[in-house]
Structures are given as structure tokens and as C-alpha cells.
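Breakdown of the fold
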Amino acid sequence: QVQLVESGGGLVQAGGSLRISCAASGTLFSIAAMAWYRQAPGKLRELVATITRGGSTNYADSVEGRFTISRDNAKNTVYLQMNSLIPEDTAVYYCNADVYTYVSSRWMTSWGQGTQVTVSS
């Protein structure tokens, strides 16, 4: 069993910055791609950013140039640095990872429990 745990969410004023983290824990696993999603009240969950194990990244148009995704493979951790935040960025942010578990010899998609980010105007 692999668990993803997010941290670092909170309340920030518009124009401010915040960094959220997501750490994977468990036994005998390997992580390929990781991603951040977000879900605002009354809206569908949307993809924010992705990063491969080798560090290639992609971003949603709405966050391009303001958010930066990064990862530390040794720590099985993915980060999302969010700058120039706007109220429309308010959402629950979820991390996502493609995980290979050696015990069951299969790939699975894991989700974190989410962390709230609120941007005040």
C-alpha cells in the first residue's frame, strides 16, 4: 500500500505565494509520473501540472508562468510552488502519482487526501 500525503496549504492574499508538498510512503514501490490536480467548489477536478520521473513538466494554461512543479525522487516527494496567486486559484489541491508496487507487480494510480488553498482578494 502506498500513501500520498499533502501538506502546506492555507490562506494567502492575492498576489502572494505558497508551496505545497506531497510525500509518498509505503514499501517496495517506484513512482513514475506525478501530478497536481485541483477542485474548486461546484467545479470538476482539473489537472494543474504534471512532471515525469526525469523532470519534464507540463502546465494548465491557467497557471503557466505562475506555478512550478518539481520533485525529489530520493524523497518520493512532489512540490508545487504557486506564485502570483489569484482568488480563482482557490481550491482543494490533490496530488496524484503513477506507482509501481513490487509486492503485487502492478501499476496503480494513487491520490492524496487533498490540501485546501484559499486566496483572498
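Before any of the text, the structure's been laid out above.
Now for a look at the structure at hand. (Residues numbered from 1 in each chain as written. Predicted model: local features only at pLDDT ≥ 70, side-chain atom pairs only at ≥ 80, totals over all residues. Heavy atoms only, no water.)

All right, on to the sheet that holds strand β8 (residues 77-82) then. Pairing is antiparallel in the open sheet, where 4 strands are placed in the order β1-β3-β8-β7. Each edge of the open sheet carries a strand with a single partner, namely β1 (3-7) and β7 (67-72). With direction set aside, neighbouring strand axes in the sheet form an average angle of 15°. Bridge count for β7 against β8 is 6 bridges, and the pairing is antiparallel. Paired with Ser70 across the bridge in β8 is Tyr79. (Pairing = 2+ DSSP bridges. Helix = DSSP H or I, 4+ residues; strand = E, 2+ residues; numbered from the N terminus. Axes fitted to C-alpha atoms, helices over the stretch in contact; angles between N-to-C directions.)

Attention now goes to the state of the cysteines. Throughout the structure, instances matching the rule amount to 1 disulfide. Two residues share a disulfide in this structure: Cys22 and Cys95, whose sulfurs sit 1.9 Å from each other. Residue Cys22 is found in strand β3 (residues 18-25), and its partner Cys95 is found in strand β9 (residues 91-101); the two are separated by 73 residues along the sequence. In terms of burial, Cys22 and Cys95 fall into one category: buried. (Disulfide = S-S within 2.5 Å. Buried < 20%, exposed > 50% of the residue type's maximum accessible area, 1.4 Å probe, protein only.)

Both the distance between ring centres and the angle between the ring planes are used here to describe each pair of aromatic rings. By the definition in use, this model includes 3 aromatic pairs. By way of ring pairs, the aromatic residues Tyr100, Tyr102 and Trp107 are connected into one cluster. Above the ring of Tyr94, the side-chain terminus of Arg45 is found at 3.7 Å from the ring centroid. Over the aromatic face of Trp111 sits the side chain of Arg45, whose NZ or CZ is 4.8 Å from the ring centroid. (Phe/Tyr/Trp six-rings, centres within 6.5 Å; stacked < 30°, edge-to-face > 60°. Lys NZ or Arg CZ within 6 Å of the ring centre and 35° of its normal.)

Below, the discussion takes up the pairing of strand β5 (residues 46-51). In terms of strand pairing, strand β4 (residues 29-39) meets β5 through 5 bridges, oriented antiparallel. Counted as the bridge partner of Ala35 is Thr50 from β5. In textbook terms, the turn of a hairpin is the stretch between consecutive antiparallel strands, and for β4 and β5 this stretch comprises 6 residues, one of which, Gly42, has a positive phi near 75°.

This part covers the pattern of salt bridges. This structure, assessed with the given rule, holds 3 salt bridges. With a closest N to O distance of 2.6 Å, Arg38 and Glu46 form a salt bridge. We note a salt bridge from Arg38 to Asp89, for which the minimum N-O separation is 2.9 Å. Here the residue Arg38 occupies a position in strand β4, and Asp89 occupies one in the loop between β8 and β9, the gap between them amounting to 51 residues. Take Arg38 and Asp89: they sit in the same class, and that class is buried. Among the charged side chains, a salt-bridge network with shared partners connects Arg38, Glu46, Arg66 and Asp89. (Salt bridge = Lys/Arg side-chain N within 4 Å of Asp/Glu carboxyl O.)

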